[in-house]
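Summary of the model geometry
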Amino acid sequence: MILISVSPAFALGEGNRNLLLIATMCFSPLFLLYRYKVISKIDAPLLLLCFCLVLFPLAAHPETMRWSTVLYSCLFCLFFMTYAHVLLNSRLPVIEYVDLLKGLLFAFCIVLVLQQICVFLQLPVINLSNYDPETPWKLNSLSSEPSHSARFVAILMYSFLWMQDLIYSKRAGFWESFKNNKKVWFAFFWVMLTSVSGTAIILLVVIFLRYINKQHIIRVVFIVIMALFVLKYVEYEPVDRVYRFSQAVITLDQNAMVEADHSASLRLLPFMVCLEQLDLSTVDGWFGHGIDYVSEMMYREIPGIKEGYVSGGCMLIALDYGFIPFLIITCFTFKICYEKEDKLQSILLWLICCFLLGINIQIAWAFIFFSYTNKFYKRKLLG
């Protein structure tokens, strides 16, 4: 759980891949040999996905086959399969799981504070990654970049609040939760508000959706509007970015999105480009155009990116590998991440932290891991 949640700078390799996590994933399938018991809802779809990822490029476009890319995706699948089997046989009490969530939240906050002190004192910044001196306060904490840390912290807080409600058998309101967990809320707010990330502001709102109900809707809307107004008045950069980009998104004009916020546009535009390129009336639409099709096409569609840029979330799978594996991974991840008691919140987190990122991203699997673990303890506690 710790390895899937953090990306220390010393372990980052090419493309910000977590080499420490990759090394662990390579050996993790060995645990499947110990007390192996088929979990059909996990094993069947993931093994079928791995089969499609290998077979479709080999059959449709063998000249594009690159085993390192395919095996990297399969490693994530096998890693999660291993985790599901280990969790099934584990005796970790829910209280210790909650302590782990709190510890990780505190760790992200502490590292970020130490980085901020280093910047303030003009000292070498610890655990630094993807740093731009022109934006000195945009720091990565325990992830590879600020927006990634925001996603990890949001996932951890979402899981923590869910477990708190399970343990005490009631859905606590914000003030009650804040009163009982002041340090956790402080760590969460500090990372989300001082990491200078527009994604953090969006996810902050998503986390607060759990406290919106019919009885308090007017009050909550009023507070949100006032908070946004105050933040806008003090010219808080992340909020300004969200405002500008939101206005551009409404127009669905790709050039307007790029002009409003080039960095933010790269979270959404690649997905839109891939969606436009998908054609289910062709064989390639179902079985893929071959590996690297998206990376060879994307730079011509979006201004300001280099040749070889890869993005598009799960829609990238639809173009490179075909619509069938796209359906498998989409249905599989949504089923695990969706929570009927937090419909809107879980769907938005799935979109932001999983679907729009793709299956070769650590954050996406972190949300899958924690969502699965949360449901595991929910079944265990509620019977």
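All values reported here derive from a predicted model rather than from experimental measurement.

How each quantity is defined
Residues numbered from 1 in each chain as written. Predicted model: local features only at pLDDT ≥ 70, side-chain atom pairs only at ≥ 80, totals over all residues. Heavy atoms only, no water. Helix = DSSP H or I, 4+ residues; strand = E, 2+ residues; numbered from the N terminus. Rg over C-alpha atoms; globule rule 2.2 N^0.38 Å. Buried < 20%, exposed > 50% of the residue type's maximum accessible area, 1.4 Å probe, protein only. Contact = heavy atoms within 4.5 Å. Areas by Shrake-Rupley, 256 points an atom, 1.4 Å probe, with all protein chains shown as cover. Lys, Arg positive; Asp, Glu negative; His and termini not counted. Charge placed at Lys NZ, Arg CZ, Asp CG, Glu CD. Salt bridge = Lys/Arg side-chain N within 4 Å of Asp/Glu carboxyl O. Expected span 1.5 Å × (residues − 1). Axes fitted to C-alpha atoms, helices over the stretch in contact; angles between N-to-C directions. Parallel < 35°, antiparallel > 145°, perpendicular 65-115°, else oblique. Nonpolar A, V, L, I, M, F, W, Y, C, P; charged D, E, K, R; others polar. pLDDT = per-residue confidence, 0-100. Core = buried A, V, L, I, M, F, W, Y, C linked by side-chain atoms within 4.5 Å. Polar contact = N/O pair within 3.5 Å; in protein donor to acceptor, adjacent residues only side chain to side chain. Patch = residues over 30% accessible without salt bridge, like charges linked within 9 Å, V, L, I, M, F, W, Y side chains within 5 Å. Phe/Tyr/Trp six-rings, centres within 6.5 Å; stacked < 30°, edge-to-face > 60°. Lys NZ or Arg CZ within 6 Å of the ring centre and 35° of its normal.

**Structural notes on the overall build of the protein**
Helix and strand counts for the protein stand at 19 helices and zero strands. Relative to the globule expectation of 21 Å for 383 residues, the C-alpha radius of gyration of the protein, 21 Å, shows essentially globular dimensions. By its C-alpha atoms, the protein is 60 × 50 × 50 Å across when sized along the principal axes. For the protein, the residues scored as buried account for 50% of the 383 residues in total. In the protein, 71% of the contacts between residues at least 6 apart in sequence involve partners at least 24 apart. A total of about 19,000 Å² of accessible surface is found on the protein, and carbon and sulfur atoms cover 67% of it. Computed over 30 positive and 27 negative side-chain charges, the separation of the two mean positions in the protein equals 15 Å.

**Quick look at the pattern of salt bridges**
All told, the structure shown has eight salt bridges when counted by the stated rule. With a shortest N-O distance of 2.2 Å, Asp 292 and Arg 66 are connected by a salt bridge. With Asp 292 in the loop between helix H14 (283-287) and helix H15 (293-301) and Arg 66 in the loop between helix H3 (40-60) and helix H4 (67-88), this residue pair connects regions lying 226 residues apart in the sequence. Classification of Arg 66 as partly exposed rests on a relative accessible area of 32%. Close ionic contact of Asp 342 with Arg 210 constitutes a salt bridge, the shortest N to O distance being 4.0 Å. Taken together, the residues span a long stretch of sequence, with Asp 342 in the loop between helix H17 (323-337) and helix H18 (343-355) and Arg 210 in the loop between helix H9 (198-208) and helix H10 (217-233) at a distance of 132 residues.

**Considering the environment of Trp 175**
Among the structural elements, Trp 175 can be located in helix H7 (residues 174-180). Judged by relative accessible area, Trp 175 falls into the exposed class, the value being 67%. Measuring from C-alpha to C-alpha, the distance between Trp 175 and Cys 118 comes to 33 Å, with 57 residues separating the pair along the chain.

**Regarding H18**
Taking 1.5 Å as the rise per residue, H18 with 13 residues should run 18 Å; its terminal C-alpha atoms sit only 16 Å apart, a clear shortfall. Buried within H18 are the following residues: Gln 345, Ser 346, Leu 349, Trp 350, Ile 352, Cys 353, Cys 354 and Phe 355.

**Things to note about the environment of Cys 118**
Tracing the chain through its elements places Cys 118 in helix H5 (residues 94-120). Taking relative accessible area as the criterion, Cys 118 reaches 10% and is therefore assigned buried. Apart from the residues lying within four places of it in its own chain, the contact partners of Cys 118 are Leu 123, Pro 124, Val 125 and Ile 126.

**A few points about the packing of helix H6 (residues 146-167) against H9**
Angle between the axes and distance between the axes are the two parameters that describe a pair of packed helices. Packing of H6 against H9 leaves a shortest axis separation of 9 Å and a crossing angle of 10 degrees. As the angle between them shows, H6 and H9 are arranged roughly parallel. When H6 is examined against H9, the residues Ser 147, Ala 150, Arg 151, Ala 154, Met 157, Tyr 158 and Leu 161 are found in contact with a partner set consisting of Thr 199, Ala 200, Leu 203 and Ile 207. Per-class residue counts for the contact of H6 with H9 are eight nonpolar, two polar and one charged.

**Looking at the confidence of the model for the protein**
In low-pLDDT regions, the fine details of the predicted coordinates are not to be read closely. In the predicted model, the protein carries a mean pLDDT of 87, and 91% of its residues have values of at least 70. Model confidence for the protein, summarised as mean pLDDT per element, is weakest for H10 at 64 and strongest for H5 at 96.

**So, the nonpolar core**
Residues Ile 42, Phe 80, Met 157, Met 163, Met 192, Trp 365 and Phe 367 are the most contacted members of the largest nonpolar core, which totals 117 residues. Looking at this core, the element that brings in the most residues is H6, giving 13 residues.

**A short note on the side chain of Ser 141**
Considering the arrangement of structural elements, one finds Ser 141 in the loop between H5 and H6. Within the structure, Ser 141 has its side chain in polar contact with the backbone oxygen of Phe 108 (distance 2.6 Å). Among residues more than four places away in sequence, those in contact with Ser 141 are Phe 108, Val 111, Leu 112, Gln 115, Asn 127 and Ser 149.

**Observations regarding a nonpolar patch on the surface**
Residues Ile 110, Leu 114, Ile 117, Phe 120, Leu 121, Leu 123, Ile 126 and Trp 137 make up a contiguous nonpolar surface patch of roughly 780 Å² in combined accessible area. With respect to the helices and strands, the residue Phe 120 is situated in helix H5.

**Observations regarding the packing of aromatic side chains**
Inspection of every chain in the model, using the stated rule, returns 35 aromatic pairs. Chaining the aromatic ring pairs together yields one cluster made of Tyr 72, Phe 76, Phe 79, Phe 80, Tyr 83, Phe 332, Trp 365, Phe 369 and Tyr 372. Cation over ring: Arg 17 sits above Tyr 72, and NZ or CZ is 5.3 Å from the ring centre. The ring of Tyr 211 carries the charged tip of Arg 210 above its face, separated from the ring centre by 5.9 Å.

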